[in-house]
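# Residue-level structural notes
Residues per chain, in single letters:
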Amino acid sequence: MSLFTNNPALYWLLALAAIPFIVHLIARSNPPVHQFSSIAFLRKIIKKSSRYQKPKDRIVLLLRTLAAAALLFAFVQPLLVSDKGSIGGDDKTVIFVIDQSASMAASENASSRFTIACDEAATILSEIEPDSANIIWINASPEAVFPAPGPNIDYLTKKLQEATHTPEKGSINAAIQLALDQLKKAKGEREIIVISDFQKAPWESTEIFIPESIKLTKLAVGEADLANIAITSLAAFPVSPVSGQNVAINAQIKNFSDQPKSTTVYLNAGGGRQSAQVEIPANGQAETEFITQFSHQGDIMVTASLSEDTYREDDQRHTIIPVREQLKLLSLNKKESSPQARVLHRLATALTWISHSSHSQTQKLPSIGTTDILFIHQWDGDNIEALTKLANNGTSIIVTPSTTCKLTALQQLLDLAPVNSNLNLTSDPKGWKAATSKESSEVFSIFKSGEFGNPAQGTFRKRFELPKAWSNASIINYNDGIPAIILNRKTSASRIIWNLSYDPAHSDWISQEPFVTFMAELLLSAQPSKTSMDNELISGSPLSWLLPENIDSNNLKLKNNKGEELTTEILNTTQGTSIQSTSPATPGIYEWQTGSSTIKKHFVNFPASESDLTLIEPDDIPTGESAKKDDILRAEALSQGVPMWPWLIGATLIFLIAESLTASSKKNIS
Amino acid sequence: MSNFKYLKPEDINKLRNYEFGAKALVEGYLSGRHRSKQRGSSTEFHEYRQYTPGDDPAMVDWRVFARSDKHYLKTFEQETNMECTIFVDSSASMGYKEKAKLTKLEYASFFAACLAWLVTSKKDQVGLQIFDKDIRHHLPPASTRKHLNTMLNLLENNEPGSETSLAEALKRAQPLIKNKGTIVILSDFFDEPKDIFQALNPYIHRGFRIHLFHILDPGEISITDHGMSKFNDMETNESLIVHTTNIKQAWEQELASHTQALRSLAASRKVDYTLCATTESYFNLFDRLAH
């Protein structure tokens with residue numbers, strides 16, 4: 001802070017502040033003389049009152065001197081100027097970076113945080129009157145009102161009045177970077193004012209780098225952490241069930257408060273409704289599972305919702321469950337028609353939800369996504385990388401090794417413990433028995449009751465001597481501990497080593513009653529569970545769809561779940577023709593329609609990270625200075641110079657009142 | 001008509017209506033309650049009246065008894081030889097005046113002159129003691145016209161003197177006042193109340209009727225706000241610088257305490273005490289004498 005004066009020539013007036021003191025001295029040294037009858041009484045009084053009177057006199061004199069000094073100093077017209085203020089004539093460019101993310105919808109008393117942020121920005125903008133200014137919104141795709149900071153403050157104020165929050169995550173760094181880019185060309189004083197609730201989740205992990213020449217001010221608008229309950233996840237298992245299959249729909253509910261909460265979760269799955277009461281611990285989460293079935297194939301819209309709480313944005317979550325008619329099972333055989341392939345074909349005939357096709361291994365591996373389960377008979381151990389890639393992308397792999405296959409290939413495919421032995425095929429006319437070794441596996445859940453017998457019931461006369469060391473990964477072992485079926489499901493798809501012969505020449509397993517049941521359960525459990533991201537779009541991004549070749553973009557309409565049609569635009573990209581909405585997506589379910597038929601569905605969910613309305617102090621972010629609106633206005637006023645004369649006049653009055661009160665104060669000294 | 005400074009013709013006219021005042025001095029206080037030790041001091045015949053039990057046998061006219069064999073008393077116009085002594089404080093402080101037209105001494109002198117006229121007009125005797133720290137003038141009681149003129153001259157030529165000591169003056173006056181009577185003290189009483197009443201005690205024991213008239217200028221009763229001022233003591237010539245605003249309340253409290261002490265001591269000794277401001281008419285003081 002510095003003090004400047006408009007009338008330094010009048011500094012001599014300050015010398016007059018000594019007048020009360022001089023008057024006091026003169027009055028004492030040469031007071032008017034009065035003849036008095038007796039001063040004995042006066043002496044007595046003075047003796048009694050001197051202890052009180054002397055300090056009082058000095059205080060009165062001090063107050064008079066101060067009053068005179070304050071009054072005289074007002075004539076000098078001092079200005080209080082901030083040391084950080086701009087030098088007169090410098091341009092000032094201010095960019096407001098305003099958080100528009102979903103958490104800004106939280107209400108603080110009657111207004112949302114975003115409304116408060118816009119109001120404060122408008123106030124600051126009108127008060128500090130920068131030479132040029134701009135507004136950048138922190139949302140999923142930060143954008144500025146002007147391409148570069150401009151002088152049209154009125155337009156910015158209008159934009160602040162019109163703006164609403166978005167149900168999106170905020171890309172903080174992108175917004176700050178955009179502000180920095182715009183300020184690069186600006187001259188003079190440059191400032192970024194970030195107005196946000198400083199939600200803990202996004203801001204805690206954000207690092208901001210600002211050049212020293214640019215001032216960063218952080219202005220918090222959220223007053224307190226708000227209690228909130230949100231559905232943060234909604235998932236179906238299996239992800240893409242076949243019609244008639246039991247589907248578990250799992251909803252995850254989080255409680256962002258210090259108190260345990262109870263709420264009701266409602267599920268609407270393809271028109272079927274269910275509800276469940278959920279108890280959620282303080283600052284914890286709970287899951288509730290709804291079991292349902294879908295009788296027809298197609299994309300089923302599922303919505304889970306909560307009883308409304310203070311923050312309603314995240315009380316609903318959507319998903320689309322693609323229900324399929326059949327699982328695609330592809331078997332690769334060395335011979336055109338192997339006994340194993342015939343068995344699988346007969347199995348598929350019995351299980352109508354399986355679509356089986358058989359190919360010779362001379363063919364290339366199927367492309368990703370074209371089959372659910374790939375069954376390779378007499379695998380030589382080749383194409384491990386391609387198979388691994390297929391598995392990672394959601395195709396379950398089942399292999400029965402050939403005599404030329406090496407253990408290392410099996411070990412590599414299933415990521416098993418390494419062993420130093422060879423793979424030998426052995427046979428025993430008496431055969432071996434096998435039994436489940438991991439009854440907790442979901443494959444055997446139906447067998448737990450004993451109603452369906454032993455899934456590996458039968459006698460097996462031929463097998464590979466797989467290392468017993470792998471038996472801990474197997475779900476069925478021979479009685480002597482040799483692994484019969486090894487199952488690995490580390491990714492969304494299963495990888496299985498099949499060492500349980502179902503060739504009628506080498507076992508009687510297929511004639512056993514539990515065989516079909518076991519195979520059905522195994523194939524269902526091997527069903528890929530990888531979530532298809534094709535249907536889900538991120539809130540704030542455009543609703544975009546890369547059109548298949550057979551779809552005519554001209555007849556496509558995009559409708560939201562209220563039936564309202566949204567405007568779209570067609571983009572020609574290198575990948576093909578794409579159609580997308582002109583406005584960013586908000587949470588909900590959207591349908592692409594041609595005529596009256598829906599050909600594609602998309603859903604958009606509230607960004608789960610925005611549900612935690614816990615805040616951090618702006619000071620906890622190391623970059624920049626935190627301030628309140630009034631601080632910014634005061635600093636601005638200081639930078640321009642605050643005239644002190646009204647304060648000095650006020651001080652004079654206060655001193656005079658104090659002097660009057662002190663002088664008139666009476667103390668009973670009798 | 002009077003040509004004296006302190007006894008104006010208009011005052012004399014007014015005083016004629018204050019007859020009761022002198023009567024109270026003489027009759028209201030003494031008649032039938034005290035016997036005069038001074039027999040035959042008054043010679044003006046009043047009337048004969050028949051003896052009643054309780055009358056002084058010495059007053060019986062034996063000549064009438066010899067002639068009529070009846071007891072008659074020969075009464076005179078005054079039964080007692082009344083003496084009133086006026087003490088006028090003439091210390092320097094009595095020369096003070098601020099808000100009034102008269103100094104305290106002038107005020108006291110006017111009252112003393114009127115009182116003297118009133119007393120002598122009823123053939124009673126009046127004496128005068130002019131004092132400061134000592135007796136400056138002593139005029140023994142008498143009731144003649146010449147005596148009154150002497151008294152008025154003394155008052156007229158009197159000037160405020162030096163320091164005051166009423167107690168000392170009363171002590172010194174004690175042998176000078178031989179006959180019991182009334183004592184009227186006109187002073188500003190800037191003296192310790194205990195000392196004053198200690199000096200008055202012999203008079204009280206001798207049966208004097210005492211009136212204290214505490215004469216103050218309004219500027220003393222409520223000190224005038226002069227701001228920072230240097231006060232010169234009129235008696236000692238000492239000076240003191242004070243801010244009158246600061247001491248105004250304390251002064252009033254101190255004066256109230258002083259007058260209350262005087263009032264209390266006076267009441268306990270059946271002494272009449274009156275506080276009077278010099279702006280009041282001194283004729284009001286005669287009312288006090290009538291009580």
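What you see is a predicted model; the values in this text were computed from it and never measured.

Rules behind the numbers
Residues numbered from 1 in each chain as written. Chains lettered and ligands numbered in written order. Predicted model: local features only at pLDDT ≥ 70, side-chain atom pairs only at ≥ 80, totals over all residues. Heavy atoms only, no water. Helix = DSSP H or I, 4+ residues; strand = E, 2+ residues; numbered from the N terminus. Buried < 20%, exposed > 50% of the residue type's maximum accessible area, 1.4 Å probe, protein only. Contact = heavy atoms within 4.5 Å. Areas by Shrake-Rupley, 256 points an atom, 1.4 Å probe, with all protein chains shown as cover. 1 Å grid on protein atoms, 1.4 Å probe; cavity = no way out; pocket = protein on both sides within 12 Å on 5 of 7 lines; lining within 4 Å. Points joined across faces, edges and corners; volume = space filled by probe spheres on them. Nonpolar A, V, L, I, M, F, W, Y, C, P; charged D, E, K, R; others polar. Salt bridge = Lys/Arg side-chain N within 4 Å of Asp/Glu carboxyl O. Buried area = accessible area lost by both parts, 1.4 Å probe. Polar contact = N/O pair within 3.5 Å; in protein donor to acceptor, adjacent residues only side chain to side chain. Pairing = 2+ DSSP bridges. Phe/Tyr/Trp six-rings, centres within 6.5 Å; stacked < 30°, edge-to-face > 60°. Lys NZ or Arg CZ within 6 Å of the ring centre and 35° of its normal. Core = buried A, V, L, I, M, F, W, Y, C linked by side-chain atoms within 4.5 Å. Axes fitted to C-alpha atoms, helices over the stretch in contact; angles between N-to-C directions. pLDDT = per-residue confidence, 0-100. Expected span 1.5 Å × (residues − 1). Parallel < 35°, antiparallel > 145°, perpendicular 65-115°, else oblique. Left-handed = near helix turned anticlockwise from the far one by under 90°.

## A look at the overall build of chain B
Across its full length, chain B holds 10 helices and 10 strands. Residues counted as buried form 50% of the 291 residues belonging to chain B. Within chain B, contacts between residues at least 6 apart in sequence are counted, and of these 75% link residues at least 24 apart. Accessible area for chain B stands at about 13800 Å²; split by element, carbon and sulfur atoms hold 47% of it.

## Things to note about empty space enclosed by the protein
All names here are of chain A. This structure, assessed with the given rule, holds two cavities of 30 Å³ or more. Lining the second largest cavity, in full, are Asp99, Ser101, Ile138, Gly170, Ile172, Gln199, Pro202, Trp203 and Glu610. Residue classes in the lining of the second largest cavity are distributed as four nonpolar, three polar and two charged.

## With respect to the pattern of salt bridges
Think of it this way: side chains of opposite charge can pair up when their charged atoms draw near. Per the stated rule, a full pass over the model turns up 17 salt bridges over all chains. Note that Lys44(A) is salt-bridged to Glu254(B), the shortest N-O span being 3.8 Å. Within this pair, whereas Lys44(A) is found in helix α2 (residues 40-75), its partner Glu254(B) is found in helix α9 (residues 244-268), the two belonging to separate chains. Its salt-bridge partner being Lys92(A), residue Glu191(A) comes within 3.8 Å of it at the nearest N-O pair. One end of the pair, Glu191(A), is in strand β9 (residues 189-196); the other, Lys92(A), is in strand β4 (residues 92-99), and 99 residues separate them in sequence. Of the two residues, Glu191(A) and Lys92(A), both sit in the buried class. It is possible to trace a salt-bridge network through shared partners that takes in Lys92(A), Glu189(A), Glu191(A) and Lys215(A).

## Things to note about the interface of chain A and chain B
At the interface, 26 residues of chain A touch 31 residues of chain B. Approximately 2800 Å² of surface area, both sides summed, lies buried where chain A meets chain B, with 64% of it carried by carbon and sulfur atoms. Our count for the chain A to chain B interface comes out at two salt bridges. The tally of links from chain A across to chain B stands at eight residue pairs in polar contact (both at pLDDT 80 or more). When residues of the side of chain A that touches chain B are traced back to their parent elements, those giving at least two are α1 (19-29), β2 (33-36) and α2 of chain A. Top element by residues in the side of chain A that touches chain B is α2(A). It accounts for 11 residues. Across the side of chain A that touches chain B, the residue classes break down as 12 nonpolar, seven polar and seven charged. Examined bridge by bridge, β2(A) and strand β8 (residues 228-233) of chain B share four bridges and lie parallel to one another. Its bridge partner lying in β8(B), Phe36(A) is registered against Asp233(B).

## Here's the deal with the packing of aromatic side chains
In this structure the tally under the stated criterion is 29 aromatic pairs over all chains. Look at Phe36(A) and Phe231(B): their rings are 5.2 Å apart centre to centre, the planes differ by 70 degrees, and that puts the pair in the edge-to-face class. Pair noted here: Phe36(A) is in strand β2 and Phe231(B) is in strand β8, and the two residues belong to different chains. Classification of Phe36(A) as buried rests on a relative accessible area of 1%. With a relative accessible area of 2%, Phe231(B) lands in the buried category. Their ring planes at 50 degrees and their centres at 5.7 Å tell us that Trp509(A) and Phe518(A) sit as a pair that is tilted. Chaining the aromatic ring pairs together yields one cluster made of Phe375(A), Trp432(A), Phe444(A), Phe460(A), Tyr478(A), Trp498(A), Tyr502(A), Trp509(A), Phe515(A) and Phe518(A). The lysine or arginine in question, Arg463(A), covers the ring of Trp432(A), its NZ or CZ lying 3.9 Å from the ring centre. Against the face of Tyr478(A) rests Arg463(A), its NZ or CZ located 4.9 Å from the ring centre.

## As for the nonpolar core
One finds Trp379(A), Leu410(A), Leu466(A), Ile476(A), Trp498(A), Leu500(A) and Phe518(A) to be the most contacted residues of the largest nonpolar core, which totals 63 residues. Counting residues per element, this core draws most heavily on helix α10 (residues 514-525) of chain A, at six residues. Apart from the residues lying within four places of it in its own chain, the contact partners of Trp379(A) are Ile384(A), Leu387(A), Val399(A), Thr400(A), Pro401(A), Ser402(A), Cys405(A), Ala409(A), Leu410(A) and Leu413(A). One finds Ala108(B), Cys114(B), Leu148(B) and Tyr282(B) within the second-largest nonpolar core, a separate group that totals 41 residues.

## A short note on the environment of Val604(A)
Positionally, Val604(A) belongs in strand β35 (residues 597-605). Separated by 16 residues in sequence, Val604(A) and Gly588(A) have C-alpha atoms that sit 5.2 Å apart.

## Examining the sheet that holds β8(B)
With mixed pairing, the three strands of this open sheet are ordered in space as β2(A)-β8(B)-β9(B). Of all strands in the sheet, those bounded by a partner on one side alone are β2 of chain A together with β9 (239-243) of chain B. Each strand of the sheet is rotated relative to its neighbour by a mean of 35 degrees, with strand direction disregarded. α9(B) rests against β2 of chain A together with β8 and β9 of chain B of the sheet, and its axis sits at about 95 degrees to β9(B).

## Side note on the side chain of Gln252(A)
Residue and element names in this part refer to chain A. Take Gln252: it is sitting in strand β12 (residues 246-256). Overall, the relative accessible area of 16% leaves Gln252 in the buried class. At 3.5 Å, the side chain of Gln252 and the side chain of Glu287 are in polar contact. Ignoring anything within four residues of it in the chain, the contact list for Gln252 reads Ala230, Ile231, Thr232, Ser233, Gln285, Ala286 and Glu287.

## Some thoughts on the pairing of strand β6 (residues 182-187) of chain B
All names here are of chain B. Within β6, six of the six residues are buried, which leaves the element mostly enclosed by the surrounding structure. Side chains Thr182, Val184 and Leu186 project from β6 onto one buried face, and the interleaved Ile183, Ile185 and Ser187 project onto a second face that is buried too. Bridge analysis of strand β3 (residues 83-89) against β6 gives five bridges, and the strand direction is parallel. Across the sheet, Cys84 pairs through a bridge with Thr182, a residue of β6. For β6 and strand β7 (residues 209-216), the ladder comprises six bridges, and the chain directions are parallel. What sits directly across from Thr182, in β7, is Arg209.

## Remarks on the confidence of the model for chain B
Residue and element names in this part refer to chain B. Across chain B, pLDDT averages 83, with 87% of residues at or above 70. A low-confidence stretch, residues 27-41 stays under pLDDT 50, and its non-local contacts, those more than four residues away or across chains, total 22 contacts. Predicted complex, confidence summary: ipTM 0.75, pTM 0.55.

## Focus on helix α3 (residues 113-128) of chain A
Residue and element names in this part refer to chain A. With 16 residues, α3 extends 22 Å between its outermost C-alpha atoms, agreeing within 8% with the 22 Å of an ideal straight helix rising 1.5 Å per residue. For α3, the set of buried residues is Arg113, Phe114, Ile116, Ala117, Cys118, Glu120, Ala121, Ala122, Ile124, Leu125 and Ile128. Looking one or two residues past α3, Glu129 carries a phi angle of roughly 45 degrees, positive in sign.

## Observations concerning unusual backbone geometry
In this model, Phe237(A) is joined to Pro238(A) through a cis peptide bond whose omega is -5 degrees. In this fold, Pro238(A) is placed in the loop between β11 (228-237) and β12. Positive phi is not limited to glycine here, since Asp69(B) has a value of about 60 degrees. Structurally, Asp69(B) is set in the loop between α3 (62-68) and β2 (72-76). Residues other than glycine seldom take positive phi values, yet Lys270(B) does so here, at roughly 55 degrees. In this structure, Lys270(B) sits in the loop between α9 and β10 (272-277). Of the residues examined, Lys270(B) reaches a relative accessible area of 80% and is grouped as exposed.

## Some remarks on the sheet that holds strand β27 (residues 495-498) of chain A
Residue and element names in this part refer to chain A. The mixed open sheet is built from eight strands, whose spatial order is β19-β18-β20-β21-β27-β26-β25-β23. At either margin of the open sheet sits one strand with a lone partner, and together these are β19 (354-360) and β23 (434-436). Averaged over all neighbouring strand pairs, the angle between strand axes comes to 15 degrees, with direction disregarded. Alignment of strand β21 (residues 396-401) against β27, held across three bridges, turns out to be parallel. Following the sheet pairing, Ile398 is matched in β27 by Ile496. Of the strands in this sheet, β20 (373-379), β21, β26 (483-488) and β27 are in contact with helix α9 (residues 407-414), which crosses β27 at around 150 degrees.

## Focus on the packing of helix α6 (residues 166-173) of chain B against helix α7 (residues 193-205) of chain B
Residues and elements named next belong to chain B. One can describe the packing of α6 onto α7 by two numbers: an axis separation of 8 Å at closest approach and a directional angle of 15 degrees. Relative to α7, the element α6 lies roughly parallel. You can see that α6 and α7 cross each other, and the crossing is left-handed. Here Leu166, Ala167, Leu170, Lys171 and Ala173 of α6 lie close against α7, whose contacting residues are Asp195, Ile196, Ala199, Leu200 and Tyr203. Grouping the amino acids of the contact of α6 with α7 by side-chain chemistry returns eight nonpolar, no polar and two charged.

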